[in-house]
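# Results of the structural survey
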Amino acid sequence: MTQRLFLCLVFVCLLLNSVKAQKTHAIEPANIEVRYAARYEGESVEKYGKLANTFVLRCGHTISQYFCYESFKTDSLSSNPENFHIWFEEHMKEWKNYEAGGDRPTDLPGRGDYLYRNLADSTVTTYTAIMGEHFRIVDKPVMVWNVEMDSVKTVAGYECHLATTHFRGRDWRVWFTLDIPLSLGPWKLSGLPGLILAVEVPGLMHMEAYQILTTNLSPVTFYNYWEKKSTDIDRAKFLKAKNSGAYPKGTIKLPQLETE
């Protein structure tokens, strides 16, 4: 096979892969946006670094979305030829700092995922990937919470109460506020009588809201800057593939929020 023929075949494959892919588009106006600072804790700090990622929960009338800001920024810049140099320079600066003895650029669990929740039936659609192959998982998570109303602390200026649950292999401690009566939180967490503003997974990570916006918001948006087509996959099958030996030797495999 000549090099020219090979390149033509690659181009055709990419074209076919993107024919039915949804493009980035606004879904509906947002009513609230919560920004969370997330970091590793415990032994995970030594393995993966100390720097924080920012995650965004944005909610409209019928749909909420959740994504990592750093991943969103990377996708939006690197997919645009005019802005690619900005992303490349920032990326190289991060890795030069790491090679000089600084912290490795942090990748917390779920950094590359985009989640959308149907507020009417609590169905969550996750767009994710393994080694460049893109998938869509439709899921309806249910958590059984133990609420401790006597345990109170302030998060982002709001009085919050403690709730705990064991969900899909991990123990979760969250702090929710009754002052914002949204049964939502970061990632797939939901089912409490108020918005979750802080999350702890003992030994793995800590997440806490630092900014809550209700004006001048970006709309709830479907992000797919690379216009990739996602293959539907069962959640259990995806987890099995994620934990398999499909990655090249030496790949740093991040811990997963779901282990079962």
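Basis of the calculations
- Residues numbered from 1 in each chain as written.
- Predicted model: local features only at pLDDT ≥ 70, side-chain atom pairs only at ≥ 80, totals over all residues.
- Heavy atoms only, no water.
- Phe/Tyr/Trp six-rings, centres within 6.5 Å; stacked < 30°, edge-to-face > 60°.
- Helix = DSSP H or I, 4+ residues; strand = E, 2+ residues; numbered from the N terminus.
- Buried < 20%, exposed > 50% of the residue type's maximum accessible area, 1.4 Å probe, protein only.
- Pairing = 2+ DSSP bridges.
- Contact = heavy atoms within 4.5 Å.
- Axes fitted to C-alpha atoms, helices over the stretch in contact; angles between N-to-C directions.
- Salt bridge = Lys/Arg side-chain N within 4 Å of Asp/Glu carboxyl O.
- Polar contact = N/O pair within 3.5 Å; in protein donor to acceptor, adjacent residues only side chain to side chain.
- pLDDT = per-residue confidence, 0-100.
- 1 Å grid on protein atoms, 1.4 Å probe; cavity = no way out; pocket = protein on both sides within 12 Å on 5 of 7 lines; lining within 4 Å.
- Points joined across faces, edges and corners; volume = space filled by probe spheres on them.

Further remarks concern the packing of aromatic side chains. Describing an aromatic ring pair means giving the distance of the ring centres and the angle of the ring planes. Counting across every chain of the model gives 15 aromatic pairs. Summarising the aromatic geometry, the rings of Tyr-114 and Tyr-223 are spaced 6.1 Å apart at their centres and angled 55° between planes, so their arrangement reads as tilted. Of this pair, Tyr-114 sits in strand S5 (residues 114-118) while Tyr-223 sits in the loop between strand S13 (220-222) and strand S14 (231-232); the two residues are 109 residues apart in sequence, bridging distant segments of the chain. Given the relative accessible area of 7%, Tyr-114 is considered buried. Here a set of aromatic residues connected by ring pairs shows up, and it is made of Phe-67, Tyr-69, Phe-72, Tyr-114, Tyr-223 and Tyr-225.

The next thing to look at is the sheet that holds strand S7 (residues 133-139). Working definition: the strands of a sheet are paired by backbone hydrogen bonds and lie parallel or antiparallel to each other. If you walk across this open sheet you meet the 12 strands as S8-S9-S10-S11-S12-S2-S3-S4-S5-S6-S7-S14, and the pairing is mixed. Two strands lie at the open edges of the sheet, namely strand S8 (146-155) and S14, each paired on one side alone. Sheet topology places S7 next to S14; two bridges connect them, and they run parallel. Among the inter-strand pairings, Phe-135 is bridged to a residue of S14, identified as Thr-231. Packing of helix H3 (residues 69-78) onto the sheet brings it into contact with strand S3 (53-59), strand S4 (63-68) and S5, and relative to S4 it is tilted by some 80°. Strands in contact with helix H5 (residues 235-242) are strand S6 (124-130) and S7; relative to S6, the strand with the most contacts, it is inclined by about 25°.

Take the pattern of salt bridges next. Under the definition given, this model contains nine salt bridges. Measuring nitrogen to oxygen at the nearest pair gives 2.5 Å for the salt bridge that ties Arg-168 to Glu-258. Linking Arg-168 in the loop between strand S9 (158-167) and strand S10 (170-177) with Glu-258 in the segment after H5, this pair joins segments that are 90 residues apart in sequence. For the pair shown, Arg-168 and Glu-258 are each scored as buried.

We now examine the side chain of Ser-190. Position of Ser-190 among the secondary structure elements: in the loop between S10 and strand S11 (195-201). At a separation of 3.4 Å, a polar atom in the side chain of Ser-190 contacts the side chain of Arg-117.

All right, on to the confidence of the model for the protein then. Here the protein shows a mean pLDDT of 86. Residues at 70 or above account for 81%. Segment residues 1-19 is flagged for pLDDT under 50; beyond a separation of four residues in sequence, or across chains, it makes six contacts in the model.

Glancing now at the environment of Gly-132. Along the chain, Gly-132 turns up in the loop between S6 and S7. Once the C-alpha coordinates of Gly-132 and Lys-228 are considered, the two residues, 96 residues apart in sequence, prove to be 9.7 Å apart.

Turning next to empty space enclosed by the protein. Rolled over the atoms, a probe sized like a water molecule indicates the empty space that remains. For the structure on display, the rule yields two cavities of 30 Å³ or more. Approximately 70 Å³ is the volume attributed to the largest cavity. Lining the largest cavity, in full, are Leu-57, Ser-64, Gln-65, Tyr-66, Leu-115, Tyr-116, Arg-117, Val-124, Leu-184, Gly-185, Trp-187 and Lys-188. Of all the elements in the fold, those that place two or more residues in the lining of the largest cavity are S4 and S5.

Let us now look at the pairing of S6. Of all seven residues that make up S6, six are buried, and the element is covered over most of its length. Of the strand pairs in this sheet, S5 and S6 are connected by four bridges, and their pairing is antiparallel. Bridging across to S6, Arg-117 finds its partner in Val-124. Looking at chain direction, S6 and S7 are connected through seven bridges and run antiparallel. When the sheet's bridge partners are listed, Ile-130 is paired in S7 with Glu-133. Taken together, S6 and the strand that follows it, S7, pair antiparallel across an intervening segment of two residues, in which Met-131 is found at a positive phi of about 50°.

Before going further, it helps to spend a moment on the environment of Asp-234. Of note, Asp-234 is situated in the loop between S14 and H5. Along the sequence, Asp-234 and Val-138 sit 96 residues apart, while their C-alpha atoms lie 7.7 Å from each other. Engagement of the side chain of Asp-234 in a polar contact is seen with the backbone nitrogen of Ala-236, the distance being 3.1 Å.

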